[in-house]
Amino acid sequence: MKGIKPQQAPFTIQVEPTEGCNLGCSFCGLRGMKPKGTKPWKFMTIDTAKRIADEVKRVGWRCKIVFAMHGEPTLNENLFKIVHIFRKRLPNTVFHIYTNGYAINRAQDVDDYVGKLFNAGINNI
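Not measured: the values here are computed from a predicted model.

## Let's talk about the packing of aromatic side chains
Overall, the coordinates contain three aromatic pairs when judged by the stated rule. Ring centres 5.6 Å apart and planes at 85° place the aromatic pair Phe67 and Phe95 in the edge-to-face group. With Phe67 in strand S4 (residues 64–67) and Phe95 in strand S5 (residues 95–97), this residue pair connects regions lying 28 residues apart in the sequence. Both residues of the pair, Phe67 and Phe95, count as buried. Pairwise contacts between aromatic rings join Phe67, Phe86 and Phe95 into one cluster. Of note, Arg87 hangs over the ring of Phe95, and the distance from its end group to the ring centre comes to 3.9 Å.

Criteria and thresholds
- Residues numbered from 1 in each chain as written.
- Predicted model: local features only at pLDDT ≥ 70, side-chain atom pairs only at ≥ 80, totals over all residues.
- Heavy atoms only, no water.
- Phe/Tyr/Trp six-rings, centres within 6.5 Å; stacked < 30°, edge-to-face > 60°.
- Helix = DSSP H or I, 4+ residues; strand = E, 2+ residues; numbered from the N terminus.
- Buried < 20%, exposed > 50% of the residue type's maximum accessible area, 1.4 Å probe, protein only.
- Lys NZ or Arg CZ within 6 Å of the ring centre and 35° of its normal.

See below:
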């Protein structure tokens, strides 16, 4: 298309709602940093989520957002709020979440928990 420059990499931004995990998988890089289940886990704050989402919006970056990195995102009690913050600011962005299913499997109603993830703005689990 004339006049439109192709976007340069990165095409994916990883957002880490939680640093820390309840597992100790042999293939995970976090295992080399922390033994299985080592606490304290560190959680992204609402303010940090707002700052990141606002900055991505401000620069007009068109990419997908992946909620995962060196931790289990569902350990963060503010996960739904964090995802919603990103969705509100980046309505056309594709959001993925990579999870070991910890909170999903512990939920009294699995369908309800998964529904809340999708309602908050997740596209793919």
